[in-house]
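In case you want the letters, here they are:
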Amino acid sequence: MTATALLPFPPDRSRGGGWFGRTRRSWADRRADREHEQECWAFAEHLRFVWRDACEGVGVSRTTDTATGPTVRTPRVGRIVVDRPTTVLVELLPGQEPQDLSRVGDRLAHSLGFETLRVVPHGGRWVRVELLDQDPLTEPFALPRITVGTCQDPVLLGRDEFGDALGHTFADAAHVALQGQNGAGKSQFAYGLLAQLAAADDVRIAGSDITGLLLGCPYDGTVHRPWQATGTADLEEHAALLERLVGVMDERLAALPDRVDKIEPSPAVPLFVVVVEEFPGLLRAAGAMPKLGRGERSVLDRIRAANLRLLSEGRKVGFRVITLAQRAEAEAMGGGYARDQYALRLSFRVPGDSLEMLHGPAVRELAERHATAEPGVAVLSAPGRDVVRVRVPYLGAYAEYCDRIAMTARKEP
Ligand SMILES: Nc1ncnc2c1ncn2[C@@H]1O[C@H](COP(=O)(O)OP(=O)(O)OP(=O)(O)O)[C@@H](O)[C@H]1O
């Protein structure tokens, strides 16, 4: 008995079949191609047709008075490629910038029958509008096992809507504010940042954490732990810790040589990353402490004062504050002046007014969508760049954070 050759199932008709078979197949293929092209062409025409209405609807058109009456001008549509993603080349009106379209991107995309869009500068006044069926930030991604050896190296913050990785170097003089509702992903993000930083020789992870999860136990036995206060049992410890950090800051300021206005962090003079987890909660807890005798400073005042000094004077001498809050109201962040000190700002899911409070009116168009953002999706703003939406990396279960810190953080000598 001859062995039966295994055949593909369903039968592979792409090979063989003789001349007649190939001709017949190519007719069918060509017909399918033609039909597809016709559908694409019709869809492109449909997009051209609805583009004008969509632009008028979202306010990126311009009305000018002419001799024959008012004329509405919209950004001009050039080539349309129907694919994944469908792209439309668009010539902006004089004076318009790509941000004028991206600011209303979601509403424009919905009017065109898509979920969202990206605007990519193309040259001159032309931009490429990429129409997307789904939010590019939908897919979570895991934080690779990366650590930085020094604060001069960038840590991974997340990926933007184009899939580009965004990094941040803690040697850059920026304090970081994180806000987000319960379960929006603040802690995960902070775990990821600290897990990347903990191995750096020239970094000390310091700060106050009333939850005792972000700081504290995971750092036992490491060089970072002596600079951390945790829990709510002894709030005076939090005030004392922040004052101790202010003491180091003052020594560094006093020791600055002539004609030098900042220090370069090194293993001998490390950069202090001062994490303040749930700062409004810390202030509330300190505010609820029993009144002290006359002339004594309350723990609340001491925490506020030390926090403000670290924020306003610490940047040049190696202090970076990372503050986490559910809602970054001025009062909850230690006052409007204190809040103004944060250069890098991330908002996880928050109501629209909270988003605008931290990032300014430029994010108004994002507010509605961001109020229901998935955990791990944040709005990020930093000096000198446009506000972007990002997906931050996911580190995993809390035990994974503890393991990474235990494995990588430098042990106490
Ligand atoms: N980057 C992410 N990617 C995917 N899922 C995430 C991400 N971050 C958080 N999550 C999911 O959301 C859950 C809540 O996240 P997390 O504990 O960080 O929120 P939170 O803002 O710190 O909340 P809380 O204020 O209650 O501590 C996580 O357990 C995880 O399931």
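Refer to the structure printed above.
Bear in mind that the values here come from a model prediction, so they are computed numbers and not experimental data.

**Q** Explain the sheet that holds strand β3 (residues 76-81) to me, using residue names and the numbers behind them.
**A** The strands making up a sheet are joined through hydrogen bonds of the backbone, oriented either antiparallel or parallel. Strand order in the open sheet made by the four strands is β3-β4-β6-β5, with antiparallel pairing throughout. Strands with a single pairing partner mark the edges of an open sheet, and in this sheet they are β3 and β5 (116-123). Across the sheet, the mean angle separating the axes of adjacent strands is 25° when strand polarity is ignored. In this sheet, strand β6 (residues 126-132) lies alongside strand β4 (residues 86-91) in antiparallel orientation, the contact comprising six bridges. Bridged to L89 within β6 is R128.

**Q** Pulling in residues and values, what's your account of the layout of surface pockets?
**A** By volume, the largest pocket is sized at about 900 Å³. S102, R103, E161, L366 and V387 are the residues nearest the centre of the largest pocket, which is lined by 29 residues in total. Contributions of two or more residues to the lining of the largest pocket are made by α2 (98-102), α3 (105-111), β5, α10 (367-370) and β16 (388-391). When residues of the lining of the largest pocket are assigned to their parent elements, the largest contribution, five residues, is made by β5. Of the residues in the lining of the largest pocket, the class split is 11 nonpolar, five polar and 13 charged. Counting residues domain by domain, the lining of the largest pocket receives three or more from each of domain 1 (23-132) and domain 2 (154-408).

**Q** Account for empty space enclosed by the protein, naming residues and giving values.
**A** Applying the stated rule across the entire model yields one cavity of 30 Å³ or more. Of the volumes computed, that of the largest cavity is approximately 30 Å³. L47, R48, W51, V77, I80, V88, L112 and L131 are the residues that line the largest cavity. Of all elements in the fold, only α1 (18-58) and β3 reach the threshold of two or more residues within the lining of the largest cavity. Here the element with the most residues in the lining of the largest cavity is α1; it accounts for three residues.

**Q** Go over the pattern of salt bridges, please, and point to the residues and values.
**A** In this structure the tally under the stated criterion is 28 salt bridges. We note a salt bridge from R225 to D220, for which the minimum N-O separation is 2.9 Å. Accessibility expressed as a relative area gives 23% for R225, which makes it partly exposed. For D220, a relative accessible area of 46% puts it in the partly exposed group. In this structure, R309 engages E313 in a salt bridge whose closest nitrogen and oxygen atoms are separated by 2.7 Å. Within this pair, R309 and its partner E313 are both found in helix α7 (residues 299-313), separated by four residues, close to a single helical turn. In this structure E313 comes out as partly exposed when scored by relative accessible area, which is 32%. One continuous salt-bridge network, built from bridges that share partners, spans D106, D135, E161, R369 and R389.

**Q** So what's going on with the environment of L282? Residues and values would help.
**A** Relative to the helices and strands, L282 resides in helix α6 (residues 279-287). Judged by relative accessible area, which is 0%, L282 ranks as buried. Put simply, L282 and D386 are 104 residues apart on the chain and 32 Å apart in space, counted from C-alpha to C-alpha. Excluding residues that lie within four positions of it along the chain, L282 makes contacts with S208, I210, L235, H238, V276 and I303.

**Q** Give a description of the packing of aromatic side chains that names residues and reports values.
**A** Counted according to the given criterion, the structure contains eight aromatic pairs. Measuring from centroid to centroid gives 4.8 Å for W227 and F272, while their planes differ by 70°, and the two rings are edge-to-face. Placement of W227 in the loop between β10 (203-209) and β11 (228-230) and of F272 in strand β12 (residues 271-277) is noted, with a sequence separation of 45 residues between them. Of the residues examined, W227 reaches a relative accessible area of 18% and is grouped as buried. Taking relative accessible area as the criterion, F272 reaches 3% and is therefore assigned buried. The interplanar angle of 40° and the centroid separation of 6.0 Å between the aromatic rings of Y398 and Y401 together place this pair among those described as tilted. With Y398 and Y401 both in helix α11 (residues 398-408) and three residues apart, the pair spans about one turn of that helix.

Calculation rules
Residues numbered from 1 in each chain as written. Predicted model: local features only at pLDDT ≥ 70, side-chain atom pairs only at ≥ 80, totals over all residues. Heavy atoms only, no water. Pairing = 2+ DSSP bridges. Helix = DSSP H or I, 4+ residues; strand = E, 2+ residues; numbered from the N terminus. Axes fitted to C-alpha atoms, helices over the stretch in contact; angles between N-to-C directions. 1 Å grid on protein atoms, 1.4 Å probe; cavity = no way out; pocket = protein on both sides within 12 Å on 5 of 7 lines; lining within 4 Å. Points joined across faces, edges and corners; volume = space filled by probe spheres on them. Nonpolar A, V, L, I, M, F, W, Y, C, P; charged D, E, K, R; others polar. Domains from an automatic or database assignment. Salt bridge = Lys/Arg side-chain N within 4 Å of Asp/Glu carboxyl O. Buried < 20%, exposed > 50% of the residue type's maximum accessible area, 1.4 Å probe, protein only. Contact = heavy atoms within 4.5 Å. Phe/Tyr/Trp six-rings, centres within 6.5 Å; stacked < 30°, edge-to-face > 60°.

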